[in-house]
Amino acid sequence: MAKEKSIYVCGECGASSPKWLGKCPGCGAWNTLVESVAEPAPGKNRFQALAKSQPVATLSEIEASEIAHQGTGIAELDRALGGGIVEGGVVLIGGDPGIGKSTLLLQALDALSRTMKTLYVTGEESGAQVALRSRRLGLEGSQVRVLAEIQLERILAALEAEAPAVCVIDSIQTLYSEQLASAPGSVAQVRECAAQLTRTAKASGTTVILVGHVTKEGALAGPRVLEHIVDTVLYFEGDTHSSFRLVRAVKNRFGAVNEIGVFAMTERGLKGVANPSAIFLSTHGEPVPGACVLVTLEGTRPMLVEIQALVDSGGPSPRRLSVGLDRDRLAMLLAVLHRHAGVAAFDQDVFVNAVGGVRISEPAADLAVLLAIQGSLRGRALPRGFFAFGEIGLAGEVRPAPRGQERLREAAKLGFSVAVVPSANVPKKPIEGLTIHAVDRVEQAISIVREL
Ligand code: TYD
Ligand code: MG
């Protein structure tokens, strides 16, 4: 038998080279090439065989079959998955250590094990530790099959023998394939193991759920590599100090992305939060300067999140720090605030934070961030029951946010009473109990909140 050939693949751009190089020939990054197994080049006969089995067809003649989602028994997880798991689908679930990935998947597998065969492959914990966790979660008499193994070939053999409908691999970084010399967790190993498991999933119809750890840089190990291989990518977010956790879909071949599932970590595992709109508000007795409530839209659900800002006199090079919000966007907002509203913060340290460890990426947060900064600068609190949303442009204009009506209604439902929103988002019919101030420009918004 011919010896397995190695190639060297760039962890950044995926370019490959037959020998190791210090600098990637594709993207020019340094020290990113890692060993990987070369795919055998398909012979001419193989192409002919494939062509026969897969005839070219006209798109309109191909039957469009609906993808059947199988619910996991955990409603919030199903929401993030776009309805549930899919036969032969490969899901990657990433997140910081200790956030609750193993807990959630064990709970999901237990629920699934009532109707189908499930297998939990643990590379990080022993079988006894998994058993201990399951007792803690109150899963007595669980039918989940458990395998403590890190060698890929043995796992593949177990998959063939057990033929589960769903298999969890916890985690992909602990696996290694005999075919590669590099250590478990290296880009080459992660990539090869994930690729092999994906092939098995597609061939056998088993749903494979891979757990992946997030690196210090905030990317899943083997950046770009894993996300391309799998069908669905979920990220587990949240502050390990607070009990709330978000599961966010960032890629989904079988459903919508940006749907989120909301959970609370309790004594007995993760519990879904069916109505999460008010959990990211802090509980001040009196309104405080530097806080502004934002109505953000996560997937299909509006949520109220408190944005906090602290502006404090800085040194010669003042700092701009943000937690849960984009820092570049913060710098942009400070420039707009100065240029268009005459509010200067260039000699001040500016810190902003989204309460509860939630990460907000939508530009509709701009107006709330800006009003929080302005509030902290002036030392004046916004009135009780105040909220805002709207995108801000470099010219100082306030642009409408998508689905403004829904946001306004959700806030009104939770008892909020005063809003500053883009004029295009103002509803034709007034909303009961809500005073809405429409704005088109940043300076307008600033002068309105000064009067409140
Ligand atoms: P875990 O699922 O092990 O995290 P991950 O697999 O993402 O690394 O979660 C571990 C944390 O969750 C741990 O700090 C303890 C906490 N926890 C609870 O609060 N309640 C529980 O019922 C369980 C099982 C864990
Ligand atoms: Mg774990």
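The model shown is predicted, which means the values in this text are computed figures rather than measured ones.

Draft legend 1. Highlighting the overall build of the protein. Looking only at helices and strands, the protein has eleven helices and 23 strands in total. Once the C-alpha set of the protein is aligned to its principal axes, its extents read approximately 80 × 55 × 50 Å. When the 452 residues of the protein are sorted by exposure, 48% land in the buried category. Put simply, 65% of the contacts in the protein that link residues at least 6 apart link residues at least 24 apart.

Draft legend 2. Seen up close, the layout of surface pockets. Its volume calculated, the largest pocket comes out at about 380 Å³. Per element, the largest residue contribution to the lining of the largest pocket is three residues, and it comes from strand E15 (residues 291-298). Of the residues that constitute the lining of the largest pocket, the class distribution is ten nonpolar, six polar and three charged.

Draft legend 3. Quick peek at the pairing of strand E16 (residues 301-313). Sheet topology note: the E15/E16 ladder contains eight bridges and is antiparallel. Opposite Val293, over in E16, you have Glu306 as the bridge partner. The antiparallel pairing of E15 with E16 creates a hairpin that spans two residues between the two strands, and Gly299 there sits at a positive phi of about 60 degrees. Of the strand pairs in this sheet, E16 and strand E18 (residues 348-354) are connected by seven bridges, and their pairing is antiparallel. Residue pairing in the sheet places Leu310 in a bridge with Phe351 of E18.

Draft legend 4. Structural context of the pattern of salt bridges. For the structure shown, the criterion picks out 19 salt bridges. The salt bridge partner of Arg301 is Glu76, with a shortest N-O separation of 3.0 Å. Within this pair, whereas Arg301 is found in strand E16, its partner Glu76 is found in helix H2 (residues 75-81), the two being separated by 225 residues in sequence. Each member of the pair, Arg301 as well as Glu76, carries the same accessibility label: buried. The shortest N-O distance in the salt bridge between Glu162 and Arg145 comes to 2.6 Å. Taken together, the residues span a long stretch of sequence, with Glu162 in helix H5 (residues 152-162) and Arg145 in strand E8 (residues 145-148) at a distance of 17 residues. We classify Arg145 as partly exposed; its relative accessible area is 46%. Among the charged side chains, a salt-bridge network with shared partners connects Arg329, Asp366, Glu391, Glu397 and Arg399.

Draft legend 5. Broad picture of empty space enclosed by the protein. On inspection of all chains with the given rule, the structure shows three cavities of 30 Å³ or more. Of the voids in this model, the largest cavity is the one considered here, and its volume is about 70 Å³. Along its surface, the largest cavity is lined by Leu371, Gln374, Gly375, Arg378, Arg380, Ala381, Leu382, Val449 and Leu452. Tallying contributions element by element places helix H9 (residues 366-378) first for the lining of the largest cavity, with four residues. Residue assignment for the lining of the second largest cavity shows that the elements contributing at least two residues are strand E5 (85-86) and strand E6 (90-95). Its residues assigned to classes, the lining of the second largest cavity shows six nonpolar, six polar and one charged.

Draft legend 6. How the structure looks around the domain arrangement of the protein. Domain assignment breaks the protein into domain 1 (6-37), domain 2 (72-274) and domain 3 (291-451). When each unit is reduced to the centre of its C-alpha atoms, the spacing between domain 1 and domain 2 is 28 Å.

Draft legend 7. Region of interest: the nonpolar core. Core analysis: the biggest nonpolar cluster contains 64 residues, and Ile307, Ile360, Leu367, Ile373, Phe386 and Phe387 have the highest contact counts within it. Lining this core are residues from two domains, each supplying at least three of them: domain 2 (72-274) and domain 3 (291-451). Beyond its immediate stretch of four places on either side in the chain, Leu367 contacts Ala388, Phe389, Gly390, Ile392, Val398, Val420, Val439 and Ala445. The next biggest cluster of nonpolar side chains, apart from the first, holds 30 residues, and it includes Leu77, Val91, Leu105 and Ile209.

Draft legend 8. Examining unusual backbone geometry more closely. Residue Ser171 is reached from Asp170 by a cis peptide bond, and omega for that bond is 0 degrees. Tracing the sequence through the fold places Ser171 in the loop between strand E9 (166-170) and helix H6 (187-204). Backbone geometry at Ala163 places phi at a positive 45 degrees, although glycine is not the residue there. With respect to the secondary-structure elements, Ala163 resides in the loop between H5 and E9.

Draft legend 9. Inspection of the sheet that holds E18 at higher detail. Strand order in the open sheet formed by seven strands is E17-E18-E16-E15-E19-E22-E23, and the pairing between neighbours is mixed. Edge positions in the sheet fall to strand E17 (320-323) and strand E23 (435-439), since each of these pairs with one other strand and no more. For this sheet the average axis-to-axis angle between neighbouring strands, irrespective of direction, equals 25 degrees. Note: strand E22 (residues 418-422) against E23, five bridges, orientation parallel. Residue pairing in the sheet places Val421 in a bridge with Ala438 of E23. Those strands touched by helix H11 (residues 442-451) are strand E19 (386-388), E22 and E23, and its axis lies near 145 degrees from that of E23.

Draft legend 10. Region of the structure containing the site of ligand 1. Taken together, the neighbourhood of ligand 1 is formed by 16 residues, with Gly98, Ser102, Thr103, Thr266 and Gly269 sitting nearest. Gly98 is positioned such that a nitrogen or oxygen atom in its backbone is 2.7 Å from an oxygen atom of ligand 1. Measuring from an oxygen atom of ligand 1, one finds a backbone N or O atom of Glu267 at 2.9 Å. When isolated, ligand 1 has an accessible area of 560 Å², and the protein chains bury 76% of it. Breaking the shell around ligand 1 down by element, the ones donating at least two residues are helix H3 (101-112), helix H4 (127-136) and strand E13 (260-266).

Draft legend 11. Layout of H5. The complete set of buried residues in H5 reads Leu152, Ile155, Leu156, Ala158, Leu159 and Glu162. Taken down its axis, H5 places every buried residue within 160 degrees of arc, on the same side. Exposed positions of H5 whose direction lies more than 90 degrees from the buried face are Arg154, Glu160 and Ala161. Contacts made by the buried residues of H5 are with strand E7 (118-122), E8, E9 and H6. Of the residues trailing H5, Ala163 is marked for its positive phi of about 45 degrees.

Cut-offs applied
Residues numbered from 1 in each chain as written. Chains lettered and ligands numbered in written order. Predicted model: local features only at pLDDT ≥ 70, side-chain atom pairs only at ≥ 80, totals over all residues. Heavy atoms only, no water. Helix = DSSP H or I, 4+ residues; strand = E, 2+ residues; numbered from the N terminus. Buried < 20%, exposed > 50% of the residue type's maximum accessible area, 1.4 Å probe, protein only. Contact = heavy atoms within 4.5 Å. 1 Å grid on protein atoms, 1.4 Å probe; cavity = no way out; pocket = protein on both sides within 12 Å on 5 of 7 lines; lining within 4 Å. Points joined across faces, edges and corners; volume = space filled by probe spheres on them. Nonpolar A, V, L, I, M, F, W, Y, C, P; charged D, E, K, R; others polar. Pairing = 2+ DSSP bridges. Salt bridge = Lys/Arg side-chain N within 4 Å of Asp/Glu carboxyl O. Domains from an automatic or database assignment. Core = buried A, V, L, I, M, F, W, Y, C linked by side-chain atoms within 4.5 Å. Axes fitted to C-alpha atoms, helices over the stretch in contact; angles between N-to-C directions. Near = heavy atom within 4 Å. Polar contact = N/O pair within 3.5 Å; in protein donor to acceptor, adjacent residues only side chain to side chain. Areas by Shrake-Rupley, 256 points an atom, 1.4 Å probe, with all protein chains shown as cover. Arc of directions from axis to C-beta.

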